[in-house]
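What follows is each chain in one-letter form.
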Amino acid sequence: MPPTKSTTGSRTRRARGTTVDKPALSGGAEVSAPPHPSFREALGVWIRIGLLSFGGPAGQIALMHKELVEDRRWISESRFLHALNYCMLLPGPEAQQLATYIGWLLHGTRGGIVAGTLFVLPGFLVMCALSAAYALFQRTDWLPNLFFGLKAAVLAIVLEALLRVAGRALKTPFARFLAALAFVCLFFLALPFPLVIAVAGIAGYLAARSSPDLLQPPAGHRAHAPDKPSVIGDAFADRRRSLGASLGIIIVGALLWAAPFALLPLLPSGPGAFAAIGVFFSKMAVVTFGGAYAVLAYVAQQAVDSYQWLKPGEMLDGLALAETTPGPLVLVLSFVGFLAAFRDTGGLDPLVAGLLGAFLTTWVTFVPCFLWIFLGAPHVERLRANTALSGALAAISAAVVGVILNLAVWFGLHVLFRQVGTLNAGPVSMAWPDPSSLDVWALLLTAAAAFLLFRLKLGIVYTLLACAVAGFVLSAVI
């Protein structure tokens, strides 16, 4: 395809048949997009992200934004937000699905599989080890000491990303209003996450049809900050898929999802508890809108009262493990699966049974996540050319800022205060900390992490390491 004219600068031919705008800077200098990363180079980055993805969805989205948008420019701001908007609409962990989406954009199906798997694998392995230690020794009191400083650093990373994403996504007063309204609905009113996102999408669709300037400023407006030249930008060729290929993905995805059930009869004592584990968490995989917190209460109730897999209070212990390990918070379900199989072994060694239970839970939870991305992403990519639907996604972008702010505030309260309850007053239902439980050392570590990130530009890895060491030392002496 021959290059076309552009008023913002020249276009240059790039690898894989794509073209990239090269905006002119002052003095006539031009900045071009970086070269398309090789699969091996991307593999190293996905491993890095998987190992550093602490702090729940807010911290994980922040990390990917920093690594992929700001530092490497592998994907532009607008394409990153477009992908995130779609992932927010899906059941399952949005951060893991976002990694899968970007990996698919970069290197097709194998790129999506590798990115999504490596996002989960480190946390899953750590979760298995911690679940085994918990099942054998029933102790988790050493975890707060180990991750005390790490949480403070993650809070600073989340705040930094929130400022960057808000600066890019909230380009108009109406977008800022939607972000503020989403935060109020989620934090103060505890409205369901899918409802907030759906209403924002409808509002954006209607606004784009009647007055597009409500969500996107006119061309040339000074508030409109253009994307930096990136590997995946406006000129990146859309990946398309035929109907036959889509049907093939559905069939393969369904077979992979169901594969473990075909192997369960081969166990020494038959399927036993493993069948119940597989069926229960398969159902959870399609209703986990809004992430792990949206279904934790229901899972805890069923696991304790109906199946008697867990004892009262153990779900909170599992959540503590999941919050202090890399990977999606929904890995707490792996903890539940581990204990369920550990206590109903089906004739296996308890640790072997526990590991199989954790693997089965993780498999049926995450396989659908890949299916949603590979099936829907090609169609969502084409929606960028539809003004009304793009308006809906732009409104969801604004609401997502409110979502990230809500997650950041929730996470921050639990990092900075030892006791956080719930305040209920009429329609208001919100997290409310005990002021006397303020952890001064956590506050100081967070401030130090912010100084390292914002002023010294130390980088995520060194900031995490510095705060982890400082937090561990402080926990040992105070």
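Residues numbered from 1 in each chain as written. Predicted model: local features only at pLDDT ≥ 70, side-chain atom pairs only at ≥ 80, totals over all residues. Heavy atoms only, no water.

Take unusual backbone geometry next. Comment: phi is negative for the bulk of residues other than glycine, and the bulk of peptide bonds are trans. Backbone geometry at Q308 places phi at a positive 55°, although glycine is not the residue there. Inspection of the secondary structure puts Q308 in the loop between α10 (293-306) and α11 (314-323). For K457, which is not glycine, the phi dihedral falls at a positive 50°. Within the element layout of this structure, K457 appears in the loop between α15 (440-455) and α16 (460-477). Its relative accessible area of 62% is what places K457 among the exposed residues. (Helix = DSSP H or I, 4+ residues; strand = E, 2+ residues; numbered from the N terminus. Buried < 20%, exposed > 50% of the residue type's maximum accessible area, 1.4 Å probe, protein only.)

This part covers the pattern of salt bridges. Evaluation of the coordinates by the stated rule reveals five salt bridges. Of the charged contacts in the structure, one is a salt bridge between R72 and E67, with a shortest N-O distance of 2.3 Å. Residue R72 is classed as partly exposed on the basis of its relative accessible area of 26%. A network of salt bridges, in which partner residues are shared, links R48, E67 and R72. (Salt bridge = Lys/Arg side-chain N within 4 Å of Asp/Glu carboxyl O.)

Attention now goes to the nonpolar core. Core analysis: the biggest nonpolar cluster contains 101 residues, and W46, M64, L68, F80 and Y101 have the highest contact counts within it. Among the elements that make up this core, the one with the highest residue count is helix α14 (residues 387-416) (16 residues). Apart from the residues lying within four places of it in its own chain, the contact partners of M64 are I49, V69, F80, A95, L98, A99 and F119. Among the nonpolar cores identified, the runner-up in size contains 46 residues, and F274, F280, F281 and L333 belong to it. (Core = buried A, V, L, I, M, F, W, Y, C linked by side-chain atoms within 4.5 Å. Contact = heavy atoms within 4.5 Å.)

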